[in-house]
Amino acid sequence: MRSRFVRGGGLTRGTGLVRGGGLTRGTGLVRGGGLTRGGGLISGSGLVLVGLVVTLAALVFPVWSYEDRSGTGLDALNAQTESTEFGPLSALDRDFVTKVRLAGLWELPAGQQAGERGTTQAVHTAGEHLVEGHTFLDARVREVAAQLRLELPSQPTAQQRRWLAELSAARGTAYDETFANVLRLAHGKVFALVAQVRAGTRNSLVRALADDANTTVLDHIKVLEATGLVDFDRIARDGATSGPRPATRSPAPPGPVDGSPPSASPVTPTPSFTLPPAVSRPRPRP
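Below is a summary of the structure that appears in this document. Here the residue numbers are simple positions, counted from 1 along each chain's written sequence. Predicted model: local features are reported for residues with pLDDT of at least 70 only, side-chain atom pairs are reported and counted for 80 or more only, and whole-chain, interface and lining totals are derived from all residues. Side-chain figures throughout are based on the complete set of non-hydrogen atoms in the structure, without hydrogens or water.

1. Description of the side chain of Thr 227
The line we're drawing: We count a stretch as a helix when DSSP gives it H or I for four or more residues in a row; a strand needs E for two or more, and each element gets its number in order from the N terminus. Only protein chains enter the accessibility calculation, which uses a 1.4 Å probe; a residue whose area is less than 20% of its type maximum is buried, one above 50% is exposed, and one in between is partly exposed. Counting of polar contacts relies on pairs of N or O atoms within 3.5 Å, with two restrictions inside protein: one atom must be capable of donating a hydrogen and the other of accepting it, and residues adjacent in sequence are counted only when both atoms are side-chain atoms. Should any heavy atoms of two residues lie within 4.5 Å, those residues are considered in contact.
Structurally, the position occupied by Thr 227 is in the loop between α8 (204–225) and α9 (232–242). With a relative accessible area of 13%, Thr 227 lands in the buried category. Within the local environment of Thr 227, its side chain forms a polar contact with the backbone oxygen of Leu 224, the two atoms lying 2.6 Å apart. When neighbours within four sequence positions are excluded, Thr 227 is seen to be in contact with Ala 122, Val 123, Ala 126 and Ala 180.

Okay, here's the thing in structure tokens:
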């Protein structure tokens, strides 16, 4: 038993795995035809060289990936930003100014319609807030756009026109529910944009407009929720399924134009509806 496994051809001294044809000294994996000295795969100097190459690649790759490549978010910001006397005007700033105008183009008539068709006092009150708030915001956005020499749209988007058509087709309590949910959903999306712009803009006029929009939109959200008709599950599902949209190659809204742009007509309700002065803030409600 001793001569077979230890001293003879066993595991240690003989022609076994250790001294003979084994793992260490013989023709085995290590000294003979093994991994290192004989016909092996990698020598000691090879391991050192490979290690140096891997280390150098690890140091160089992050620098090339993040600092020297074009097309980063910072590159896009710089390329789409215009200089103004009120501070840099980014593509997001211009998009925000445009969307404030678009909100008034459809939400003001929606608010006026709620005052006429709503079946509850809460819906009537929400409609009044929309009319007052967007009359004020429209005056502000036209003032800001004139100072920044930005053109403003004069018609709602196709989606906004569909929302107005949906409201116009509803009657009775169905109208109340449609009004509360469509308008609450739209205001939630705008509220997120206002926060993003207010947090990051470098333009003083856009910053002040975002402050006014934040106050007005939050007021509208509250009075819409006060109707008791808002489906919060629907809003949560919409937020979960829509999520952040992927970046696209669509161009940013037009930048400042030479000279004075065409003046935008004010958004106004019918003459029969009494409004506060456009230069005042919406009246606080209990």
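Structure shown, so let's carry the discussion forward.
2. Re the packing of helix α7 (residues 172–200) against α9
For any two helices packed against each other, one specifies the inter-axial angle together with the distance between the axes. Our working rule: Note on geometry: axes are C-alpha line fits, over the in-contact stretch for helices, and angles between N-to-C directions span 0 to 180 degrees. Angles below 35 degrees are treated as roughly parallel, those above 145 as roughly antiparallel, those between 65 and 115 as roughly perpendicular, and all remaining angles as oblique. Each helix crossing is assigned a hand: it is left-handed if the near helix lies turned anticlockwise from the far helix by less than a right angle, otherwise right-handed if that turn is clockwise. Here the term charged refers only to Asp, Glu, Lys and Arg, the term nonpolar to Ala, Val, Leu, Ile, Met, Phe, Trp, Tyr, Cys and Pro, and the term polar to all other amino acids, Gly among them.
Contact geometry for α7 and α9: axes closest at 11 Å, N-to-C directions at 40 degrees. By the criterion of interaxial angle, the relationship of α7 to α9 is oblique. Of the two possible hands of crossing, α7 and α9 adopt the one that is right-handed. For the pair α7 and α9, the contacting residues are Asn 181, Arg 184, Leu 185 and Lys 189 in the first and Arg 234, Ile 235, Asp 238 and Ser 242 in the second. Its residues placed into classes, the contact of α7 with α9 shows 2 nonpolar, 2 polar and 4 charged.

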